[in-house]
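Structural overview
So you can see what is in the structure, the chains are spelled out below.
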Amino acid sequence: MNKIPTICPYCGCGCGLYLHVEDGNLTGVSPIRSHPVNKGTLCVKGWNSFEFIQHHERLKYPLIKVNGEFKRASWGEAIALIASKLTGIKRSYRPDSIAIMSSAKCTNEENYLMMKFARAVIGTNNIDHCARLCHSSTVGGLAETFGSGAMTNSISEIVSAKVLFVIGSNTTEQHPMIGMHMLDAVNRGAILIVADPRKTQISDFAHIHLRHRCGTDVVLLDSIMNVIINEGFVDIPFIRRRTENFDAFEKVILRYPPDVAEKITGVSSQDIKKAARIYAIEKRAMLFYSMGITQHITGVDNVHACANLCMLTAHIGQPMTGLNPLRGQNNVQGACDMGALPDVYSGYQKVSESDIKKKFEHLWRRRLPSRPGLTLTEMFDSILDGKIKAMYIMGENPLMSDPDVSHVKEALKKLEFLVVQDIFMSETAEFAHVVLPAATFAEKDGTFTNTERRVQKIRQAIEPVGESMPDWKIICALSKKMGYNMEYRATHEIMEEVALITPSYRGILHHRLDSNFGLQWPCHDLNHQGTPFLHRKKFTKGLGTFIPVDYIPPAEETDKRFPFLLTTGRIYFRYHTATMCQRTSTLEREYPECYAEINPKDADSLGIKGNSMMRVSSRRGSIIVRAQVTDKVPEGTIFIPFHFREASANLLTNPAVDPSAKIPEYKVCAVKIELVESKRDQKD
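Here the structure is a predicted model, which means the values were calculated and not measured.

What counts as what
- Residues numbered from 1 in each chain as written.
- Predicted model: local features only at pLDDT ≥ 70, side-chain atom pairs only at ≥ 80, totals over all residues.
- Heavy atoms only, no water.
- 1 Å grid on protein atoms, 1.4 Å probe; cavity = no way out; pocket = protein on both sides within 12 Å on 5 of 7 lines; lining within 4 Å.
- Points joined across faces, edges and corners; volume = space filled by probe spheres on them.
- Helix = DSSP H or I, 4+ residues; strand = E, 2+ residues; numbered from the N terminus.
- Nonpolar A, V, L, I, M, F, W, Y, C, P; charged D, E, K, R; others polar.
- Domains from an automatic or database assignment.
- Expected span 1.5 Å × (residues − 1).
- Bend = angle between axes of the 7 residues up to and from the residue.
- Buried < 20%, exposed > 50% of the residue type's maximum accessible area, 1.4 Å probe, protein only.
- Pairing = 2+ DSSP bridges.
- Axes fitted to C-alpha atoms, helices over the stretch in contact; angles between N-to-C directions.
- Contact = heavy atoms within 4.5 Å.
- Lys, Arg positive; Asp, Glu negative; His and termini not counted.
- Salt bridge = Lys/Arg side-chain N within 4 Å of Asp/Glu carboxyl O.
- Polar contact = N/O pair within 3.5 Å; in protein donor to acceptor, adjacent residues only side chain to side chain.
- Buried area = accessible area lost by both parts, 1.4 Å probe.
- Phe/Tyr/Trp six-rings, centres within 6.5 Å; stacked < 30°, edge-to-face > 60°.
- Parallel < 35°, antiparallel > 145°, perpendicular 65-115°, else oblique.
- Left-handed = near helix turned anticlockwise from the far one by under 90°.

**Here we look at empty space enclosed by the protein**
Gaps left between atoms show up when a probe the size of a water molecule is rolled over them. The tally for this structure, following the rule as stated, stands at four cavities of 30 Å³ or more. Looking at the second largest cavity, its volume works out to about 350 Å³. Taken together, 23 residues make up the lining of the second largest cavity; nearest its centre are Gly168, Asp196, Gly292, Thr568 and Lys667. Elements represented by at least two residues in the lining of the second largest cavity include exactly helix H13 (291-294) and strand E21 (564-569). Considered class by class, the residues forming the lining of the second largest cavity number four nonpolar, 14 polar and five charged. Of the residues that make up the lining of the second largest cavity, three or more belong to each of domain 3 (152-325) and domain 4 (564-675).

**Quick notes on helix H3 (residues 108-122)**
Given 3.6 residues per helical turn, the α-helix brings residues three or four places apart onto the same face. With 15 residues, H3 extends 20 Å from end C-alpha to end C-alpha; this agrees with the ideal 21 Å at 1.5 Å per step. Taking the largest bend as the criterion, H3 deviates by roughly 25 degrees, centred on Lys116. Across the 15 residues that make up H3, a large majority, 15, are buried. Just downstream of H3, Gly123 is the residue with a positive phi angle, here 90 degrees.

**Observations regarding the sheet that holds strand E12 (residues 285-289)**
An order of E10-E9-E8-E12-E13 is seen for the five strands of this open sheet, with the pairing classed as parallel. Unpaired on one side and paired on the other, strand E10 (208-210) and strand E13 (323-325) mark the two borders of the sheet. Taking the axes of each pair of neighbouring strands and ignoring which way they run, one obtains an average angle of 15 degrees across the sheet. As defined by bridge partners, strand E9 (residues 191-195) adjoins E10 across three bridges and the pair is classed as parallel. Following the sheet pairing, Val194 is matched in E10 by His209. Helix H12 (residues 269-281) rests against strand E8 (163-167), E9, E10 and E12 of the sheet, and its axis sits at about 125 degrees to E10.

**Description of the side chain of Glu173**
Mapped onto the secondary structure, Glu173 falls in helix H6 (residues 171-174). Comment: no salt bridge for buried Glu173; closest opposite-charge side chain is Arg198, at 5.6 Å. Reaching out from Glu173, the side chain makes a polar contact with the side chain of Asn170 at a distance of 3.0 Å. Excluding its chain neighbours within four sequence positions, the residues that come into contact with Glu173 are Lys45, Gln201, Ile571 and Tyr572.

**A word on the domain arrangement of the protein**
Segmentation of the protein into domains returns domain 1 (2-47), domain 2 (63-132 + 330-453 + 462-485), domain 3 (152-325) and domain 4 (564-675). Centre-to-centre separation of domain 3 and domain 4, based on C-alpha positions: 27 Å. With 20 residues of domain 3 at the contact, the number on the domain 4 side is 25 residues. Taking both partners together, domain 3 and domain 4 bury about 1800 Å²; carbon and sulfur atoms supply 55% of that area. Of all residues in domain 3, Arg198, Gln295 and Ile297 bury the most surface against domain 4, accounting for 35% of the area lost on that side. At the boundary of domain 3 and domain 4, one finds two salt bridges. Among the ionic pairs, Lys199 bridges to Asp631, the shortest N-O distance being 3.2 Å. For the side of domain 3 that touches domain 4, the secondary structure elements donating two or more residues are H6, H13 and helix H14 (299-313). Per-class residue counts for the side of domain 3 that touches domain 4 are six nonpolar, ten polar and four charged.

**What to know about the pattern of salt bridges**
Pairing between side chains of opposite charge can happen when the charged atoms of each approach one another. According to the stated counting rule, one finds 26 salt bridges in the structure shown. With a closest N to O distance of 3.5 Å, Lys283 and Asp235 form a salt bridge. In this pair, Lys283 sits in the loop between H12 and E12 while Asp235 sits in the loop between helix H8 (217-230) and helix H9 (236-242), placing the two residues 48 residues apart along the sequence. Across the pair Lys601 and Glu635 runs a salt bridge whose closest N-O atoms are separated by 3.6 Å. Highlighted residues: Lys601 in helix H23 (residues 600-606) and Glu635 in the loop between strand E24 (622-629) and strand E25 (637-641), separated in sequence by 34 residues. Look at Lys601 and you get exposed, because its relative accessible area is 56%.

**Comments concerning the packing of aromatic side chains**
Two descriptors summarise a pair of aromatic rings, namely the distance from one centre to the other and the angle between the planes of the rings. This structure, assessed with the given rule, holds 13 aromatic pairs. Plain terms: the ring middles of Phe165 and Tyr279 are 5.9 Å apart, the flat faces sit at 65 degrees to each other, and that makes the pair edge-to-face. Taken together, the residues Phe165 in strand E8 and Tyr279 in helix H12 connect sequence positions 114 residues apart. Summarising the burial analysis for this pair, Phe165 and Tyr279 share the class buried. With 4.1 Å between their ring centres and 20 degrees between their planes, Tyr345 and Phe360 make a pair best called stacked. Linking Tyr345 in the loop between helix H15 (332-337) and helix H16 (354-364) with Phe360 in helix H16, this pair joins segments that are 15 residues apart in sequence. Classification of Phe360 by relative accessible area gives buried; the value is 0%. Feature note: the residues Tyr112, Tyr345, Phe360 and Trp364 constitute an aromatic cluster, connected by ring pairs.

**Details of the layout of surface pockets**
In this structure, the largest pocket encloses a volume near 1100 Å³. Taken together, 39 residues make up the lining of the largest pocket; nearest its centre are Ala143, Gly147, Ser148, Gly149 and Tyr348. It is helix H5 (residues 136-145) that contributes the most residues to the lining of the largest pocket, six residues altogether. When grouped by side-chain class, the residues that make up the lining of the largest pocket number 15 nonpolar, 16 polar and eight charged. Looking at the lining of the largest pocket, you find at least three residues from each of domain 2 (63-132 + 330-453 + 462-485) and domain 4 (564-675). There is about 320 Å³ of room inside the second largest pocket.

**Some remarks on the pairing of strand E5 (residues 69-72)**
Pairing of strand E4 (residues 63-66) with E5 involves four bridges; the strand directions are antiparallel. Note that in E5 the partner of Val66 across the bridge is Glu69.

**Section: the packing of H8 against H14**
The packing of two helices is summarised by the inter-axis angle and the distance between the axes. At a minimum axis separation of 9 Å, H8 and H14 run at an interaxial angle of 15 degrees. It follows that H8 is roughly parallel to H14 by the angle criterion. Crossing handedness for the pair H8 and H14: left-handed. Contacts from Asp217, Val218, Leu221, Asp222, Ile224, Met225, Ile228 and Ile229 in H8 reach Asp301, Asn302, Ala305, Cys306, Asn308, Leu309, Leu312 and Thr313 in H14. Looking at the contact of H8 with H14, its residues break down into ten nonpolar, three polar and three charged.

Next up, the structure:
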């Protein structure tokens, strides 16, 4: 048996594991014992991260839709058809009539090539990926406050911290190995503060659980800062030396004393004061957040508020401190780093800055567009408006992941041409004109960048199944067919190009990642050992900027017709759109169907018992789910995981977006609930 070292393909933790290979087949996995993230263990998804790879439903050869049915095609036929269609649409309309979706499941090298394909071959900045739906608030919000939109500190520091403040993250379920470090810290005496409307698994270990109402994160955070200012816990020398705009920020904060916040958030003023004092006084205090605060129309405001709190207390620029967004997908950080976004090239270099654009034009030998492109959420509106005619989707499944999926389905039907490149026939791929079979993480080489900015190698363990190919090879073949040569012998050559043009990755080459479990960017040259924590002497942008944020209610509040709030999220045994885990027997067994958590008092008032079927309806759609009666959710709120195609929570969610990050408000929408008493009612 051979053991091939690689990185888990699920969440952003970036756990190290070995793939076990016998006679060309995968037989299991085991953890890398000395890896700094997972330290010799894995979560249930990591332990089962091999089964889907050789599943019988894998796409094994290209498919072309003929008269409404998919027919097997050769690679030559598929690539020629795509090249012809995209070239024709580009000429008939304009380059901006084509949109590209890149992928947080693919490698850094593949995301770099896809953004290069969009800009140098198609001639558009219309490229985005699923970060728009999870952490675009982070990328934009932290860029404005600190100058860098990434986790400031390292996972290995957690165990030595004295205070852990976790807001909007069910860490032990969604980032289990990071949760493991947090619980180790608690066992060593650290104080854990959790802010979440639900009773999550990690809240069971909290010393203080702040159960604020959905959508009131800004009020809670502003009120904590109000206490810190009024009780004299502000680090004045740090603010004078390292920050700007404090006076304007302070004026807003003074409007949110704890008694005011209690009325809005539902959290007692005493708990707010207690949490504020604990966080402010201890210098080794780390702040963590995830999609619980980013997926709102005020997502960027929420991120600004977290950054303000770190600067106010000087909990930044040192070990065991910082602001630490926990990224959801295995390479969502890397996809952002590589420029799979509509307004930046790799390393967050802006497409609108002429000197930057000229640098990329010189390297790529093509004129490039300077106007930022459409975000993912804007693309589907533009299809329905007739502006986008074709779409190329790599490793994304918007028909499950986007809000108001009926709207997405309508848009996909209207496209003149749709290409989907994936490992399985996804819900989105069913609407494609051409489907291309891609290789999994076990069938190719490359790199992933985890949530702590750690760039790590993945290594090919087996040959791709059937005729499937690594995404980077597919992109190169299509690019060549469209008249632009992308010639790379292997993925290390792609990373050499990334390093050449991306300052934060300049010292990151494949041969340097073979030891010490990768490098954390920024890594400025070939002698640099990476950066465990950011902003030590100064912020990336120079001075950190306090940005005042006022409370804005959710876009959709309850009323007589829709009296309940719906919030959505992930669960331990499932992952995102379930493309991989629903083809893994252990994970599928644990949660075979969708459910909704409902408070016992609400259930009683509606005549709903445990395991009853109930219809949940919003202004956009309706689904039927099994009731799980529990006090995990407060009265007036229900929770539904979004992984299940047969009861897609995103049929209900609100497509309203944050005005700057364009991230949808998945975490709050108004719904009504009805008991389903018979099979006839279910059909109705």
